[in-house]
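Summary of structural features
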Amino acid sequence: MSEFLRVVAGSDNEGRLVLTPDPDRTAPGRGAHLHPTTKCFELAVRRRAFTRALRLSQNPSSAPVSDYLDSLV
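Here is a short report on the structure shown in this document. For clarity, every value in this text was computed on a predicted model and none was experimentally measured.

Basis of the calculations
- The written sequence of each chain sets the order in which its residues are numbered from 1.
- Local features are withheld for residues below a pLDDT of 70 in this predicted model, meaning they are given only at 70 or higher, and side-chain atom pairs are given and counted only at 80 or more; totals for whole chains, interfaces and linings count all residues.
- Think of the side-chain values as coming from all heavy atoms in the structure, minus any hydrogens and water.
- Note on pairing: two strands pair once DSSP finds at least 2 bridges between them.
- Helix and strand definitions follow DSSP, with helices as H or I runs of at least four residues and strands as E runs of at least two, each counted in order from the N terminus.
- Axis geometry follows a simple rule: fit a line to the C-alpha atoms, using only the stretch in contact for helices, then measure angles between N-to-C directions, giving values from 0 to 180 degrees.
- Any two residues whose heavy atoms approach within 4.5 Å at even a single point are treated as in contact.
- Only rings of Phe, Tyr and Trp enter the pairing, Trp through its six-membered ring, and a pair is recorded when the two centres are within 6.5 Å. The plane angle decides the type: under 30 degrees is stacked, over 60 is edge-to-face, the rest tilted.
- Each residue's exposure class comes from its accessible area (1.4 Å probe, protein chains only) as a fraction of the maximum for that residue type: buried when under 20%, exposed when over 50%, partly exposed otherwise.

1. Notes on the pairing of strand β1 (residues 5-11)
Taken together, the four bridges between β1 and strand β3 (residues 31-34) define a ladder with antiparallel strand orientation. Paired with V7 across the strands is A32, a residue of β3. Examined bridge by bridge, β1 and strand β2 (residues 17-21) share five bridges and lie antiparallel to one another. Paired with V7 across the bridge in β2 is P21. Taking the residues between adjacent antiparallel strands as the criterion, β1 and β2 are bridged by five residues, where G15 takes a positive phi near 85 degrees.

2. Considerations on the sheet that holds β1
Two orientations exist for strands paired in a sheet by backbone hydrogen bonds: parallel and antiparallel. The strand order β2-β1-β3 describes an open sheet built from three strands, whose pairing is antiparallel. With one partner strand each, in any of the chains shown, β2 and β3 form the two edges of the open sheet. Direction aside, the axes of adjacent strands within the sheet are offset by 35 degrees on average. Packed on one face of the sheet, helix α3 (residues 63-72) meets β1 and β2 and runs near 25 degrees to β2.

3. Focus on the packing of aromatic side chains
Scanning all chains against the criterion turns up one aromatic pair. Arranged with centres 6.1 Å apart and planes meeting at 45 degrees, the rings of F41 and F50 form a pair that is tilted. Residue classification places F41 among the buried residues on the basis of a relative accessible area of 6%. On the accessibility criterion, F50 (5% relative accessible area) is buried.

Printed below as a string of structure tokens:
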């Protein structure tokens, strides 16, 4: 098991851009990796690291990743 969580860009049911956790590392496309901690996640969101790493033109919603990390605790 990897010590990093892979995060990919996707869309929600309404077509809005969201970050999606990919713990199995099987989702297609470019991924970003981070430590699966709330502290690391919040720092990445604050620095807009996902937008840069995933080469996105807009800031995505990060709620699904936040919910996933909350479920780990």
